[in-house]
Amino acid sequence: MSVTFSRRSNTTQHNRAELLSSKALPQQKIIAITDKIGFEPNASTVIGSWLKEQYGDNACPVELVQHLNGSSKFQLIILSNTERRCEPSQIFKYIAQCKKNSNIEHVFVWIVEQKLQEMFLLPYVEHMADTVVTFEDRTHLSLLIKKPTGGVTNKYYEFDTLKGSFTIVEVKRSFSTKQSTRAMGVDPPPNPATLGTFKIDLKDEEVVAKNALTLPFEFFKTLPEGGKILYHPDAEDDLDEEDPDDDLLI
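This text gives an overview of the structure that appears in the document.

## Observations concerning the packing of aromatic side chains
Inference 1: On inspection of all chains with the given rule, the structure shows 11 aromatic pairs.
Inference 2: Between Phe135 and Phe159 the ring centres are 5.4 Å apart and the planes differ by 70°, which places this aromatic pair in the edge-to-face class. Separated by 24 residues along the polypeptide, Phe135 in strand 6 (residues 131-135) and Phe159 in strand 8 (residues 152-160) bring together distant segments of the chain.
Inference 3: A network of ring pairs unites the aromatic residues Phe39, Trp50, Phe108, Trp110, Phe135, Phe159 and Phe166 as a single cluster.

## What to know about the pairing of strand 9 (residues 167-170)
Inference 1: Sheet topology places strand 1 (residues 18-19) next to strand 9; 2 bridges connect them, and they run antiparallel. By the bridge assignment for strand 9, Leu19 is matched with Thr167.
Inference 2: One ladder, built from 4 bridges, connects strand 8 with strand 9; its direction is antiparallel. Bridge pairing in strand 9 links Glu158 to Val169.
Inference 3: Hairpin connection between strand 8 and strand 9: a loop of 6 residues separates the two successive antiparallel strands, and Lys163 in this loop has a positive phi of roughly 55°.

## Re the sheet that holds strand 7 (residues 140-146)
Inference 1: Spatially, 1-9-8-7-6-2-5-4-3 is the arrangement adopted by the 9 strands of the open sheet, whose pairing is mixed. Bordering the open sheet on either side are strand 1 and strand 3 (63-64), each of which pairs with just one other strand.
Inference 2: As paired elements, strand 2 (residues 30-35) and strand 5 (residues 106-111) share 5 bridges and run parallel to each other. Paired with Ile31 across the two strands is Phe108, which belongs to strand 5.

## Considerations on the pattern of salt bridges
Inference 1: Here the structure, examined in full by the defined rule, presents 7 salt bridges.
Inference 2: Among the ionic pairs, Asp130 bridges to Lys99, the shortest N-O distance being 3.8 Å. Here Asp130, found in the loop between helix 6 (121-128) and strand 6, pairs with Lys99, found in helix 5 (residues 88-100); they are 31 residues apart in sequence, far enough to count as distant.
Inference 3: For Asp130, a relative accessible area of 17% gives the class buried.
Inference 4: Residue classification places Lys99 among the partly exposed positions, given a relative accessible area of 37%.
Inference 5: Among the ionic pairs, Glu170 bridges to Lys155, the shortest N-O distance being 4.0 Å. One end of the pair, Glu170, is in strand 9; the other, Lys155, is in strand 8, with 15 residues separating them in the sequence.
Inference 6: Residue class for Glu170 comes out partly exposed when judged on its relative accessible area of 43%.

## With respect to the nonpolar core
Inference 1: Ranked by internal contacts, the top residues of the largest apolar core, which has 28 residues, are Leu20, Ile33, Ile47, Trp50, Phe108, Trp110 and Phe135.
Inference 2: Within the residue set of this core, elements represented by two or more residues are helix 2 (20-24), strand 2, helix 3 (43-55), strand 4 (74-78), strand 5, strand 6, strand 7 and strand 8.
Inference 3: With 5 residues, helix 3 is the single largest residue contributor to this core.
Inference 4: For Ile47, the contacting residues outside a window of four places in its chain are Ile33, Val62, Leu76, Phe108 and Trp110.

## Some points on the environment of Asn69
Inference 1: Structurally, the position occupied by Asn69 is in the loop between strand 3 and strand 4.
Inference 2: Note: C-alpha distance between Asn69 and Tyr94 (25 residues apart in sequence) is 8.5 Å.

Criteria and thresholds
- Residues numbered from 1 in each chain as written.
- Predicted model: local features only at pLDDT ≥ 70, side-chain atom pairs only at ≥ 80, totals over all residues.
- Heavy atoms only, no water.
- Phe/Tyr/Trp six-rings, centres within 6.5 Å; stacked < 30°, edge-to-face > 60°.
- Helix = DSSP H or I, 4+ residues; strand = E, 2+ residues; numbered from the N terminus.
- Pairing = 2+ DSSP bridges.
- Salt bridge = Lys/Arg side-chain N within 4 Å of Asp/Glu carboxyl O.
- Buried < 20%, exposed > 50% of the residue type's maximum accessible area, 1.4 Å probe, protein only.
- Core = buried A, V, L, I, M, F, W, Y, C linked by side-chain atoms within 4.5 Å.
- Contact = heavy atoms within 4.5 Å.

Written as structure tokens, this is what we have:
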């Protein structure tokens, strides 16, 4: 890989280190990789190393899917490229079909949010995925795994690329990391008036007219006898003058 990182010096951490592929791949078919640090040019190399770790040197190479017509058991979708060729609905349909295809082992969907034309693609694909790997910075990633039993785990790791392998050690998020993650991930609330084609705000004169309007139930509140419920039966209504509950002694 062309991107390298410094090694951890803590011997205890190295003894506890695990391969990222051993956590992210087993029993997981759709694997979303959210890339915040610029690994995308090396996506095929990264995925190839994970497959080699889990399936050995004889593992078939990963197929880069261009037009949603992949046939390999290991497939890679670069989402920012694919959405320029296909409609979002086609992408979602293809991923759903892959989940049901017993001949496909893994589909890796590589996502760089800044390159997407449609922002809703990211949460939608993450929702469909069995595993979500998020490279948050140069040394940390989060790993969300949806288990076949319905359980979900979401853990935070320090990672290293020693000898071309991604090794991970579980760590706790620091307060500063949580704060920076919130600052990067939370957008200002949208203006509801911009979300539709109809007008939901009022002009000043419309507000005055609205406040001056007395609704029927407010009118009846001002009467001495208070509010009333007026019922006007239709011709087809079946009215019974007797009390249907008189046998209940209530």
